[in-house]
Amino acid sequence: MSFDEMQTLTDFEVRGLASHANLADGHAYQDLGGHFTGIVTQLRSIWATAAKYGIPETNDRFKKAFARLAQSETLGRSANYTICPTASNSIDIVAAFLKECGRRTALIEPTFDNLALLLKRRRAPVMAIPEEFVFDADRHVDLLRLLRAAHCDTLFVVNPNNPTGKCLSREAFEGLAIMCANASILLIIDSSFRFYNRSAFDDYGVLEATGVSFLMLEDTGKVFPTLDMKASLLSYSTDNRDLIEEIYKELYLCSSAFALAVLTEFLDVTSRVGLGASVWTTVDKHRDLLRNAIAGSQLVVAHGSAKSTLSVEWLACHETGKHDLEICSELIRRGLAVLPGRLFYWASADSSARQAHIRISLMKPERVVAAGLERLRAFCQSSSTGSPAKVFELGASA
Ligand SMILES: Cc1ncc(COP(=O)(O)O)c(C=O)c1O
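Keep in mind it's a predicted model, so treat the numbers as computed, not measured. (Residues numbered from 1 in each chain as written. Predicted model: local features only at pLDDT ≥ 70, side-chain atom pairs only at ≥ 80, totals over all residues. Heavy atoms only, no water.)

Asks: Any chance you could break down helix α13 (residues 275-294) for me, citing the residues and the numbers?
Replies: The terminal C-alpha atoms of α13 lie 27 Å apart, and with 20 residues this matches the ideal 28 Å at 1.5 Å per residue to within 8%. The largest bend along α13 reaches roughly 35 degrees and is located at T281. What α13 keeps buried is the set L275, S278, V279, W280, T282, V283, H286, R287, L290, A293 and I294. Backbone geometry just after α13 places G296 at a positive phi near 80 degrees. (Helix = DSSP H or I, 4+ residues; strand = E, 2+ residues; numbered from the N terminus. Expected span 1.5 Å × (residues − 1). Bend = angle between axes of the 7 residues up to and from the residue. Buried < 20%, exposed > 50% of the residue type's maximum accessible area, 1.4 Å probe, protein only.)

Laid out in structure tokens, this is it:
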């Protein structure tokens, strides 16, 4: 597929798989590191454990291990969950559910485009809501007004949001849940990046306490370097249980007990040593290296993302005078794959203000990060001469 034919972020990610330095997809491929290597040497005994416990108990052990790391006592005791092989599978079930219920969904923008693509594929009506209406609690009144004006009965948020790194505080999350409960709005939360949030709280507890109707999905694949062996918890309030479980059973009997047993080990090790020692040190180190590589250049951390602790970095490129696709194309010629920002604006990619970002993934092996950043630094140095004309009208939204 040529560069011009690429329509979705995943098209660019697939292209990235064949590049010398792939910092395109957000899947966790960092080096195993000291804390996790023991798991790989114990695969034989983990297999035996998975075979011994069987599916129901393996599911329960995985969910409890996930809840321990997420510090959610509420999730730990919940029976309202299923486990899908990937986060996209969970989103697809959510999309089928929305269509079946005849719901109209407001989904935040920017965010990873496959959420909207999956909803559209299932013919579930979806409209975009700028992320600031969700993450800025002062704008929740306007958010409700927008939802009502657009006749949306469902709000779909990604928290923390990929690519910007925005996170809901406990107060903002609670406010959103109460607002949705009072207005009979179904709240859907994609928490695939939850373990990068440095101010996490028991969001399942908040949902339960507010009594809001909700669906919440999770992912291990953005965090643990398991070469795409991953799982996605899909949880729901009791009112949504029957239909979600019916759709799940049309697609799956269960997830792999072996995969879940391996992932349970990753979760347990991380609970023991802490997210800081096992995950965040790598993100922080790679983010520092990246910021160092672009320092003084016209490629800058996007407005509003300076405090991001996510495993991806959201950069603004308008000062270079080039749009996102030109930058991606120049970088790919140098052997570095990154993502163009416009496709995160899944409903408004054609506006020039939306074409002024690129996204770079950080959770990749040391040698790949080093090779990628060497190319990025060379690109920045080669394009930092002269003062380019600013070709973009800059929108307020970063
Ligand atoms: C927020 C979010 N949810 C879900 C997904 C889908 O994950 P997967 O490709 O592992 O199914 C992605 C992919 O990057 C994502 O960013």
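Asks: Can you lay out the sheet that holds strand β3 (residues 105-109) for me, pointing to particular residues and giving the numbers?
Replies: What the seven strands build is an open sheet, ordered β2-β8-β7-β6-β5-β3-β4; its pairing is mixed. The open sheet has two edge strands with one neighbour each: β2 (81-84) and β4 (126-130). Mean inter-strand twist for the sheet, computed between neighbouring axes without regard to direction, equals 20 degrees. Where β3 meets strand β5 (residues 154-158), three bridges bridge the pair, whose relative direction is parallel. What sits directly across from A106, in β5, is L155. Contacts from helix α8 (residues 140-149) reach β3, β4 and β5 within the one sheet, and its direction differs from that of β4 by about 160 degrees. Packing of helix α9 (residues 170-182) onto the sheet brings it into contact with β5 and β6 (186-190), and relative to β6 it is tilted by some 145 degrees. (Pairing = 2+ DSSP bridges. Axes fitted to C-alpha atoms, helices over the stretch in contact; angles between N-to-C directions. Contact = heavy atoms within 4.5 Å.)

Asks: Which residues make up the site of the ligand, and what are the values?
Replies: Among the 16 residues in the neighbourhood of the ligand, the closest are listed as S88, N162, D190, K222 and K230. For the ligand, a nitrogen atom lies 2.6 Å from a polar atom in the side chain of D190. Between the ligand and K230 there is a distance of 2.9 Å, counted from an oxygen atom to a side-chain nitrogen or oxygen. Contact with the protein chains hides 94% of the accessible area of the ligand, taken as 390 Å² for the molecule alone. For the shell around the ligand, the secondary-structure elements that each account for two or more residues are α5 (87-101) and α6 (113-121). In terms of residue count, the dominant contributor to the shell around the ligand is α5 (three residues). Residue classes in the shell around the ligand are distributed as six nonpolar, six polar and four charged. (Near = heavy atom within 4 Å. Polar contact = N/O pair within 3.5 Å; in protein donor to acceptor, adjacent residues only side chain to side chain. Areas by Shrake-Rupley, 256 points an atom, 1.4 Å probe, with all protein chains shown as cover. Nonpolar A, V, L, I, M, F, W, Y, C, P; charged D, E, K, R; others polar.)

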